[in-house]
Amino acid sequence: MVLAPVKCPHCGSDKVKKNGTDRNGKQRFLCGNEKSDSRKMY
Ligand SMILES: [Zn+2]
């Protein structure tokens, strides 16, 4: 089985960084592709 690579839902980039987990234990990511203004977390 192959783990699907994490991709940014906004831009489709796979250059996302793990950004810890939220209170509910869900993995959070930070998009590493949106260089200029808004780097989105999800
Ligand atoms: Zn993105």
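In case you missed it, the structure is sitting above this.
Residues numbered from 1 in each chain as written. Predicted model: local features only at pLDDT ≥ 70, side-chain atom pairs only at ≥ 80, totals over all residues.

**Comments concerning the overall build of the protein**
To keep things clear, this is the line we draw: Secondary structure elements are defined from DSSP: runs of H or I of at least 4 residues count as helices, runs of E of at least 2 residues count as strands, and each element is numbered from the N terminus. Any residue whose C-beta has 12 or fewer other C-beta atoms within 10 Å is treated as exposed, any with 20 or more as buried, and any in between as partly exposed, C-beta atoms being built from the backbone. Here, residues touch in the contact sense if the C-beta positions derived from the backbone fall within 7 Å of one another.
On a plain count of helices and strands, the protein comes out with zero helices and two strands. By the burial criterion, 5% of the 42 residues in the protein qualify as buried. Long-range pairs, those at least 24 residues apart, make up 7% of the contacts in the protein with a sequence separation of at least 6.

**Let's talk about the environment of Phe29**
Following the sequence through the fold, Phe29 ends up in strand 2 (residues 27-31). Of the residues examined, Phe29 has 17 C-beta atoms within 10 Å and is grouped as partly exposed. Sequence separation between Phe29 and Lys7 is 22 residues; the distance between their C-alpha atoms is 9.4 Å.

**Quick notes on the pairing of strand 2**
A regular strand places its side chains on the two faces of the sheet in alternate fashion. Stated formally: For two strands to pair, DSSP has to find at least two bridges joining them.
By the bridge criterion, four bridges tie strand 1 (residues 16-21) to strand 2 in an arrangement that is antiparallel. Bridged to Thr21 within strand 2 is Gln27. Here strand 1 folds back onto strand 2, and the loop between the two strands holds five residues, one of which, Gly25, carries a positive phi near 85°.

**Focus: the environment of Asp14**
Residue placement: Asp14 occurs in the segment before strand 1. Beyond its immediate stretch of four places on either side in the chain, Asp14 contacts Pro5, Val6 and Lys7.

**Digging into the environment of Cys31**
Residue position: Cys31 is located in strand 2. Look at Cys31 and you get buried, because 21 C-beta atoms sit within 10 Å. C-alpha of Cys31 to C-alpha of Lys7: the two residues are 24 residues apart in sequence and 8.7 Å apart in space.

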